[in-house]
Amino acid sequence: MSLLLAPRPEGYGGDPAPKDVAGVVTWLGAMQAQDTGSAAWSFGVRLPGLTAADVDAAVERREALRTWPMRGTVHYVPPRDAHWMLDLMGRRALAGAAKRREFLGLSEEVANRAVEILGEVLRGGRRLTRSQCLAELTERGLPVSGQLGYHLLWYASQLGVTCFAPNIGTEQAFTLLDEWVPDPHRPDPEEALATIALRFFRSHGPVPVADFAGWTGLPVTQCRRGVAAAGDALVEVLVDDVPMVAERALVESYTPPPRRRRAHLLALPGFDEFILGYKDRSLVLDDAHRQAIVPGGNGVFQPTIVRDGRVVGTWRRTARRASVEITVTPLVTLATRDRTAVEAAFQPYGQFLGLTPTVTWTG
């Protein structure tokens, strides 16, 4: 319900359900966006009838923006909120930049010079691909081999100078944040902290404050301040004797859902907030299945099949000219009717891509 993957209860007195990309990213506060294809389906699964082309158009209209707002990880965020999110949470990632530069053999002087160069070559509304940005740095004598180029591009965005622009073809592109977002929202630090607290607990709750700290990268004490600053909009509840925080409007309207005659099946992308938005994932994922979701602990989260709120399988896709081939790997025993429901869950995904889905099973 909170994550916009199921209807909220009747009588819910909070904000209305989002109707577009801007509404979804604002509701969730931020959305993992390392992989743009997965991130696009994160919008699509929450906005029935949306297509991948619709998501691209929304990003072009500046309904959502990609940058590194927290934990040094790429997310979609509301564009007008990018500046204060970088100030509040993103700057913490800079604390480790000096150590990373030392490891890479990169001086602070060179890193700052790269930021200046990118600011110059992108001025005037220009968008350059990643390779073009690196070529500009190389032309001016800066090293970009190995991980150096990535670090310099990250550093410029982490400082709030650049951000991702919509892709040019299939390649990442960059532009100037101040030019892409000429009218940023600039709340004071306390309001900013209250805003991100409300958005997180509204969209992910009920959860412990520790999950909020893990999600934002902020200290727990600061996170508790954010909960207090949000005032009556949030409330503490006990879940299995564990103190958690949730949106008051959801708690006051909550009623146990009726027993379903059929399981509720979802085909979710990798990197979705359903899993990545939490420090403790035991509510949705069995310990025995963690390796299947993040093989080798490499940080690459697989797309998942979710049945009644629990991960029961993974899937991968291969796109063809007119079809998309889906291969499903079950992690638990699935009855025939569940398998039929899984295959039906991919019909909206095919419509999202504009391709005909075909489903095969590995077990």
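Structure first, text after, so check above.
Cut-offs used in this document
- Residues numbered from 1 in each chain as written.
- Predicted model: local features only at pLDDT ≥ 70, side-chain atom pairs only at ≥ 80, totals over all residues.
- Heavy atoms only, no water.
- Core = buried A, V, L, I, M, F, W, Y, C linked by side-chain atoms within 4.5 Å.
- Buried < 20%, exposed > 50% of the residue type's maximum accessible area, 1.4 Å probe, protein only.
- Contact = heavy atoms within 4.5 Å.
- 1 Å grid on protein atoms, 1.4 Å probe; cavity = no way out; pocket = protein on both sides within 12 Å on 5 of 7 lines; lining within 4 Å.
- Points joined across faces, edges and corners; volume = space filled by probe spheres on them.
- Helix = DSSP H or I, 4+ residues; strand = E, 2+ residues; numbered from the N terminus.
- Nonpolar A, V, L, I, M, F, W, Y, C, P; charged D, E, K, R; others polar.
- Phe/Tyr/Trp six-rings, centres within 6.5 Å; stacked < 30°, edge-to-face > 60°.
- Lys NZ or Arg CZ within 6 Å of the ring centre and 35° of its normal.
- Pairing = 2+ DSSP bridges.
- Arc of directions from axis to C-beta.
- Axes fitted to C-alpha atoms, helices over the stretch in contact; angles between N-to-C directions.
- Parallel < 35°, antiparallel > 145°, perpendicular 65-115°, else oblique.
- Left-handed = near helix turned anticlockwise from the far one by under 90°.

(A) Fine view of the nonpolar core. Phe43, Tyr76, Phe201, Phe274, Ile305, Trp315 and Phe346 are the most contacted members of the largest nonpolar core, which totals 111 residues. Beyond its immediate sequence surroundings of up to four residues, Phe43 is in contact with Val21, Val24, Val25, Met31, Leu50, Val55, Ala64 and Tyr76.

(B) Representation of the layout of surface pockets within the structure. Of the voids in this model, the second largest pocket is the one considered here, and its volume is about 830 Å³. Along the walls of the second largest pocket sit 38 residues, with Asp35, Thr36, Gly37, Ser38 and Ala40 positioned nearest its centre. Elements supplying a minimum of two residues to the lining of the second largest pocket: α2 (36–44), α3 (52–60), β2 (65–70), β5 (162–168), β6 (171–176), β11 (310–319) and α17 (347–353). Residues that form the lining of the second largest pocket fall into these classes: 21 nonpolar, ten polar and seven charged.

(C) Structural context of the packing of aromatic side chains. One pass over the full model with this rule turns up 14 aromatic pairs. Measuring from centroid to centroid gives 4.9 Å for Phe200 and Trp215, while their planes differ by 40°, and the two rings are tilted. Taken together, the residues Phe200 in helix α10 (residues 189–204) and Trp215 in helix α11 (residues 209–216) connect sequence positions 15 residues apart. Phe200 gets classed as buried once you look at its relative accessible area, which sits at 0%. The class of Trp215 is buried, set by a relative accessible area of 1%. Three or more aromatic residues link up through ring pairs in this structure, and these residues are Trp41, Trp315, Phe346, Tyr349 and Phe352. The side chain of Arg66 reaches across the aromatic face of Phe164, ending 4.3 Å from its centre. The ring of Trp361 carries the charged tip of Arg339 above its face, separated from the ring centre by 4.4 Å.

(D) The sheet that holds β5, seen in detail. Read from one edge to the other, the open sheet built from three strands follows the order β4-β6-β5, with strand pairing classed as antiparallel. On the outer flanks of this sheet lie β4 (128–129) and β5, each paired with one strand and no other. Pairing geometry for β5 and β6, over five bridges, is antiparallel. Its bridge partner lying in β6, Thr162 is registered against Leu176.

(E) Looking closely at empty space enclosed by the protein. Applying the stated criterion across every chain, the model contains one cavity of 30 Å³ or more. Taken as a whole, the largest cavity encloses approximately 50 Å³ of empty space. Lining the largest cavity we find Pro269, Gly270, Phe271, Asp272, Phe274, Ile275, Leu276, Ile293, Phe301, Gln302 and Thr304. Here the lining of the largest cavity gets three residues from one element, more than from any other, and that element is helix α14 (residues 273–276). In terms of residue class, the lining of the largest cavity is made up of seven nonpolar, three polar and one charged.

(F) Examining helix α7 (residues 130–139) more closely. For α7, the set of buried residues is Cys133, Leu134, Glu136 and Leu137. Take α7 and look down its axis: the buried residues cluster within an arc of 155°, on one side only. Gly141 sits one or two positions beyond α7 and adopts a positive phi of about 85°.

(G) Structural context of the packing of α10 against α11. Where α10 meets α11, the axes come as close as 11 Å, and the angle between the chain directions of the two elements is 115°. One way to sum up the angle between α10 and α11 is to call them roughly perpendicular. Judged by the twist between their axes, the crossing of α10 over α11 is right-handed. For the pair α10 and α11, contact is made by Ile196, Ala197, Phe200, Phe201 and His204 and by Val209, Asp211, Phe212 and Trp215, respectively. Split by residue class, the contact of α10 with α11 holds seven nonpolar, one polar and one charged.

(H) Spatial organisation of the pairing of strand β12 (residues 323–330). Most of β12 sits inside the fold, with six of its eight residues counted as buried. Two elements, β11 and β12, share seven bridges in a ladder whose sense is antiparallel. The residue of β12 that forms the bridge with Arg316 is Thr327. As consecutive antiparallel partners, β11 and β12 are separated by three residues.

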